[in-house]
Amino acid sequence: MIARLLAALILCCLPAAGVASAQSFAVTLDDGPHLNETPLLSPAERNRALLDALAKHKVKGALFVTVQNGAARPEGLALARAWGEAGHFIGNHTMTHPDLNKADVTLAKYQEEILACDAVIRELPGYRKWFRFTYLREGNTPEKRDGMRAFLKEQGYRNAYVTLDTSDWRFDSKLREVLARDPKADIEPIKRLYLDHLWQRAQAYRDLAWKLQGRDIPQVLLLHHNLVNALWLDDALTMLKQKGWRGVSPEEAYADPIYALQPDRPAAGQSLLLSMSRSLGLGRFDGWERLVDDGEFEMQALKKLGY
Ligand SMILES: [Zn+2]
């Protein structure tokens, strides 16, 4: 009887392997719009490619604006506006991307950065009072952490958490380095390992959600407004869809109660799931190292291939 009950519970509560599941995810891109020069595509072409990939997959995403990367100039602001006009959301990622964990970045200085960014983005369609911490660092002291929590609340902002953290930026810098050396280089291996990386992180964070919450949560995926995603966001979304993952809007994801939590850690930050597991003393689960290795595992694999 008990065995049958257990079997029924397992059947109802565990995601079945290999079939379409209830797992969902929302796409968010930080540090945009970027007006820096890269190989292959102009800033406007990169912006267009990202928007086209989201449109093709009928997914609404969010762009977290760092003003000095582009939106301080009319042509950059126009790129940000295109996101809002296409139905995506616009969030705040400071003026100059300072690191709140640094001793010389005061709470007051960091908050000024947020208010100044808000003044630039508030006129854009899709604007939301969503704040994404730079480097996902919420302060190196309890005073900064609590000061920010109080400030965001007072301003009507939410902490726009990430759960599915990736090291896409590492692949982006490798890709640009390889193309700078040889514009005709074969970049397929970088793409393949980038997709492997995303899938490894996706599965690991899904497992972590089950460990901590006993369920699938709508994962918030962190990517950046960069060349890697301009080229391969379409492939990444195709892969996730083929694995049974469903794209949802960040607004829908943030409605999940998990995104109202505030892990009790002296120095909060990183993926909300990682932060939660650490605050519970469960940070050293199987495979945790690969969630904080900055993509080193795949970089080593690329190195073996001569990259
Ligand atoms: Zn950033």
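Shown above is the structure to which this text applies.
The paragraphs below set out a description of the structure included in this document. The numbering scheme is per chain: residues are counted from 1 as the chain's sequence reads. At least 70 in pLDDT is required for a residue's local features to be given in this predicted model, at least 80 for side-chain atom pairs to be given and counted, and no such filter applies to totals for whole chains, interfaces and linings, which use all residues. Calculated side-chain values reflect all of the structure's heavy atoms, with hydrogen atoms and water omitted.

**Considering the pattern of salt bridges**
Here the idea is simple: oppositely charged side chains can pair when their charged atoms come close. The condition that has to hold: Should a side-chain nitrogen of Lys or Arg be within 4 Å of a carboxyl oxygen of Asp or Glu, the pair is scored as a salt bridge. Each helix is a run of H or I in the DSSP string that is no shorter than four residues. Each strand is a run of E no shorter than two, and both are numbered from the N terminus. In this scheme, a residue with accessible area under 20% of its type's maximum is buried, one over 50% is exposed, and one in between is partly exposed, where area comes from a 1.4 Å probe on protein chains only.
Throughout the structure, instances matching the rule amount to 19 salt bridges. Among the salt bridges present, the one from R206 reaches D216, with a minimum N-O distance of 2.8 Å. Note that R206 is positioned in helix α7 (residues 188-213) and D216 in the loop between α7 and β6 (219-224), a separation of ten residues in sequence. Look at R206 and you get buried, because its relative accessible area is 14%. Among the residues examined, D216 registers a relative accessible area of 17% and is labelled buried. Notably, a salt bridge pairs R215 with D256, separated by 2.8 Å at the nearest N-O pair. On the criterion of sequence distance, the pair formed by R215 in the loop between α7 and β6 and D256 in the loop between α9 (250-254) and α10 (272-279) is long-range, its members being 41 residues apart. Taking relative accessible area as the criterion, R215 reaches 26% and is therefore assigned partly exposed. Connected via shared salt-bridge partners are R145, D146 and D264.

**Re the coordination of the zinc ion**
To be explicit about the condition: For Na, K and Ca the donor cut-off is 3.2 Å; for every other metal, N, O and S atoms count as donors within 2.8 Å. Water does not enter the count, which can leave sites looking incomplete.
In the first shell of the zinc ion, the protein supplies D31 (OD), H93 (NE2) and H97 (NE2), at 2.0 to 2.1 Å from the metal. In primary-sequence terms, the residues that donate to the zinc ion follow D-x61-H-x3-H. Taken together, the residues span a long stretch of sequence, with D31 in strand β1 (residues 24-32) and H93 in the loop between β3 (89-92) and α4 (107-121) at a distance of 62 residues. Of the two residues examined, D31 and H93, each falls in the buried class.

**A few points about the packing of aromatic side chains**
Spelled out, the test is: Any Phe, Tyr or Trp ring, taking Trp's six-membered ring, that has another such ring centre within 6.5 Å forms a pair; planes under 30 degrees apart are called stacked, those over 60 apart edge-to-face, and the others tilted. Two thresholds decide whether a charge sits over a ring: the Lys NZ or Arg CZ must be within 6 Å of the ring centre and within 35 degrees of the ring normal.
Counting across every chain of the model gives ten aromatic pairs. Taking the centre distance of 5.1 Å and the plane angle of 40° together, the rings of F89 and W130 count as tilted. In this pair, F89 sits in strand β3 while W130 sits in strand β4 (residues 127-131), placing the two residues 41 residues apart along the sequence. With respect to burial, F89 and W130 carry one shared label: buried. With a centroid separation of 5.3 Å and 75° between ring planes, the pair formed by W130 and Y254 is classed as edge-to-face. In this pair, W130 sits in strand β4 while Y254 sits in helix α9, placing the two residues 124 residues apart along the sequence. For the pair W130 and Y254, one class covers both residues: buried. Three or more aromatic residues joined by ring pairs form one cluster here, namely F89, W130, Y254 and Y259. Stacked on the ring of F297, the Lys or Arg R290 has its end atom at 3.6 Å from the ring centre.

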